[in-house]
Amino acid sequence: MDAEFVKIKQKNLTLYIRKSFLGSDLGQALLSGEETLRKKYPFKTLAPSEFSRVCKFNIPLEGADRDIYIKWFFRKSGLASLKSLICGSLAKCTYNAEKMLAQNGFDVPVTIAVGESWSGPFHSESFSVTLGIENTKRAFDIIRHVREITTSEQLAGFRDLIRNFGLTIGKMHANGIFH
């Protein structure tokens, strides 16, 4: 991880936490474990998948309530465990991908912490904690309202959205970023 983070090892957990959050209530709760974190901050579980769980909660930060997202990545297979020995945990890979996107001018969430728990020589679980990006809408929420477009201005706005999305994907490809 980068110099902006402190590495802390506790039993079978390695936590990389951004220095600016280390002494905060959130930082102390992260160091204390998931049970303490859940007690301090009421979680709202978002759409789960087979290989991850995402929760959201709020903290007061710089005079405003800010969204915090925590995503747990679960081991997918034995092959994924071997890959993690070479590439790092899924949480660390996610951080590296977000860092690459940011270096290429894309907006990404600020990573507060990355944690990795170990079971023998392999990562058994990892997680990332990020600050929510303000003033955004979920793509699903935008797309589901397409049927409600009734004016030419709304249609022009939606076309701009599609055009900007295409330009963003083009910029990513021009920078060698593919998925």
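Here the structure is a predicted model, which means the values were calculated and not measured. (Residues numbered from 1 in each chain as written. Predicted model: local features only at pLDDT ≥ 70, side-chain atom pairs only at ≥ 80, totals over all residues. Heavy atoms only, no water.)

1. Remarks on the nonpolar core
Moving on, step 1. If you look at the biggest cluster of nonpolar residues, it comprises 24 residues, and the most contacted ones within it are Leu26, Leu30, Leu37, Phe57, Ile70 and Ile112.
Moving on, step 2. Elements with a contribution of two residues or more to this core: strand 2 (13-18), helix 1 (25-32), strand 4 (52-61), strand 5 (64-74), strand 6 (110-119) and strand 7 (122-131).
Moving on, step 3. For Phe57, the residues in contact, after removing those within four places along its chain, are Leu26, Leu37, Tyr41, Pro42, Phe43, Arg66, Asp67, Ile68 and Ile70.
Moving on, step 4. By size, the runner-up hydrophobic cluster in this structure holds six residues, among which are Phe5, Tyr16, Tyr95 and Val114. (Core = buried A, V, L, I, M, F, W, Y, C linked by side-chain atoms within 4.5 Å. Buried < 20%, exposed > 50% of the residue type's maximum accessible area, 1.4 Å probe, protein only. Helix = DSSP H or I, 4+ residues; strand = E, 2+ residues; numbered from the N terminus. Contact = heavy atoms within 4.5 Å.)

2. So, the pairing of strand 4
Moving on, step 1. Across two bridges, strand 3 (residues 44-45) lies against strand 4 in antiparallel orientation. Within strand 4, the position partnered with Lys44 by the bridge is Lys56.
Moving on, step 2. Here strand 3 hands over to strand 4 after six residues, the two strands then running antiparallel side by side.
Moving on, step 3. Relative to strand 5, strand 4 runs antiparallel, the two sharing ten bridges. (Pairing = 2+ DSSP bridges.)

3. Considering the packing of aromatic side chains
Moving on, step 1. The tally for this structure, following the rule as stated, stands at four aromatic pairs.
Moving on, step 2. Their ring planes at 5 degrees and their centres at 5.0 Å tell us that Phe43 and Phe57 sit as a pair that is stacked. A residue pair is termed long-range when its members are at least 10 positions apart, and Phe43 in the loop between helix 2 (34-40) and strand 3 and Phe57 in strand 4 qualify at 14 residues. Per residue, the accessibility class of Phe43 equals that of Phe57, and both read buried.
Moving on, step 3. When the ring of Phe43 is compared with that of Trp72, the centres are 6.2 Å apart and the planes differ by 40 degrees; the resulting orientation is tilted. Pair noted here: Phe43 is in the loop between helix 2 and strand 3 and Trp72 is in strand 5, with a separation of 29 residues, a long-range link.
Moving on, step 4. Of the residues examined, Phe43 reaches a relative accessible area of 17% and is grouped as buried.
Moving on, step 5. Given a relative accessible area of 3%, Trp72 falls into the buried group.
Moving on, step 6. Ring-pair connections join several aromatic residues into one group, and the members of that group are Tyr41, Phe43, Phe57 and Trp72.
Moving on, step 7. Here the guanidinium or amino end of Lys171 rests over the ring plane of Phe106, the centre of that ring lying 4.8 Å away. (Phe/Tyr/Trp six-rings, centres within 6.5 Å; stacked < 30°, edge-to-face > 60°. Lys NZ or Arg CZ within 6 Å of the ring centre and 35° of its normal.)

4. Details of the pattern of salt bridges
Moving on, step 1. One pass over the full model with this rule turns up nine salt bridges.
Moving on, step 2. Where Arg38 meets Glu34, a salt bridge forms, and the shortest distance between an N and an O atom there is 3.0 Å. Placement of both Arg38 and Glu34 in helix 2 is noted, with a separation of four residues, approximately one turn of the helix.
Moving on, step 3. For Glu34, a relative accessible area of 32% puts it in the partly exposed group.
Moving on, step 4. Two residues, Asp160 and Arg163, come together in a salt bridge whose shortest N-O distance is 2.5 Å. Taken together, the residues Asp160 and Arg163, both in helix 6 (residues 152-174) and three residues apart, mark about one turn of the helix. (Salt bridge = Lys/Arg side-chain N within 4 Å of Asp/Glu carboxyl O.)

So, to be careful, I would describe these as geometric facts and stop short of saying anything about function.
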